[in-house]
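Structure at a glance
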Amino acid sequence: AKHDGRNGYRFYTQEMHERSSRLLRMETLLRQAAARGELHLHYQPQIDLGSGRCVGVEALLRWNNPELGAISPAEFIPLAEETGLISQLGQWVLRHAVQQARRWLDDGVPFGVMAVNVSTIQLRQKDFMQTVADSLREAGLPSDRLELEMTESAAFGNAEAAVKLLDELHRSGVRISIDDFGTGYSSLSYLKRIHIDKLKIDRSFVRDLGQDSEGEDEAMVEAIIHMARSLKVTVIAEGVETLEQLESLRLRRCHEVQGYFFSRPLPPGELEAWLLRQAP
Ligand code: C2E
Ligand code: CA
Ligand code: CA
Ligand code: CA
């Protein structure tokens, strides 16, 4: 037993060592990723249930590295946040998404609004507002074509500064969407104080929808939709994969939906083809 214990300990530390050296290596490679052309954006459509049309696309970052392969943003975004690389990365995303939107406007591709994810850390930077304004001006994109997706902690944490920033963004015409809604700790009274255009119901509440049982998820989704509608905020459900989920959301009068049921996030050329197929 003593022997096993020692081996167990050695195994554990070796595993920890491997993990941290992978992260170190990843950090080094991530630092060079943009310059080496390893970053791409994919776009996932957001569909309005009333009209059946695509009213927006969400830009999602992809990183393909020759050594590490395709790395999930769920892995490299937190790393970028911890190491401060997120500012650079976030600027890259914003600039490229806005430029793509401009090209689609010029080409008459009916994408609606471009939704870009922004990290809490990015939002806390003093020059964030300037970065957004610069990207829009550089590309010549009307500000109401840009939507920023942020989590509850970004929008409601550090109250006064957040209220001020969201107010500035709103006055500039940029739209604001609260991502993963329902998973944070936000005080609902803030929803009245700040200007929000959209609430995104988190995927975890959508997963079990429409499976006969009238469970907690149904109640949660219904409450969020009801609240959003009475605050005159657009409500969208993410992670819609099945017809049952879709029907359940339609029944509860959710405005918009997004998920694999309609389309996975696609490279720009494929998204264009998808949009043109949908057009009447
Ligand atoms: P998120 O913002 O909540 O994005 C939704 C995630 O759900 C995406 O994963 C998307 O591909 C996935 N998804 C969409 N539809 C479905 C579905 O029907 N079923 C399932 N199971 N999943 C679906 P992805 O692209 O791997 O991104 C993961 C997270 O990484 C994002 O979650 C976001 O928090 C972060 N992220 C991605 N791109 C960026 C970015 O450019 N900037 C920042 N700050 N974060 C990003
Ligand atoms: Ca998002
Ligand atoms: Ca989300
Ligand atoms: Ca999520």
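Please refer to the structure higher up on the page.
Because the structure is a prediction, the values reported are computed rather than measured.

1. Points about the environment of glycine 182
- Residue placement: glycine 182 occurs in the loop between β6 (175-181) and α8 (190-193).
- Since its relative accessible area comes to 26%, glycine 182 is described here as partly exposed.
- Considered as a pair, glycine 182 and glutamate 244 are 62 residues apart in the sequence and their alpha carbons are 21 Å apart.

2. Side note on the coordination of the calcium ion (ligand 2)
- Those donors, Glu58 (OE), Asn117 (OD1), Glu149 (OE) and Asp179 (OD), are the protein atoms that reach the calcium ion (ligand 2), and they lie 2.2 to 2.3 Å from it.
- Between consecutive donors of the calcium ion (ligand 2), the numbers of intervening residues give the motif E-x58-N-x31-E-x29-D.
- Separating the calcium ion (ligand 2) from the calcium ion (ligand 3) is a gap of 3.8 Å, bridged by aspartate 179, which donates to each. Taken as a pair, asparagine 117 in strand β4 (residues 113-117) and aspartate 179 in strand β6 lie far apart in primary sequence, 62 residues in all.

3. So, the side chain of serine 87
- Within the secondary structure, serine 87 sits in helix α3 (residues 86-107).
- Given the relative accessible area of 18%, serine 87 is considered buried.
- Polar contacts involving the side chain of serine 87 include one to the main-chain carbonyl oxygen of glycine 84, which spans 3.5 Å.
- Those residues within four positions of serine 87 in sequence are excluded, and the remaining contacts are Gln122 and Gln125.

How each quantity is defined
- Residues numbered from 1 in each chain as written.
- Chains lettered and ligands numbered in written order.
- Predicted model: local features only at pLDDT ≥ 70, side-chain atom pairs only at ≥ 80, totals over all residues.
- Heavy atoms only, no water.
- Helix = DSSP H or I, 4+ residues; strand = E, 2+ residues; numbered from the N terminus.
- Buried < 20%, exposed > 50% of the residue type's maximum accessible area, 1.4 Å probe, protein only.
- Donors = N, O, S within 2.8 Å, 3.2 Å for Na, K, Ca; no water.
- Polar contact = N/O pair within 3.5 Å; in protein donor to acceptor, adjacent residues only side chain to side chain.
- Contact = heavy atoms within 4.5 Å.

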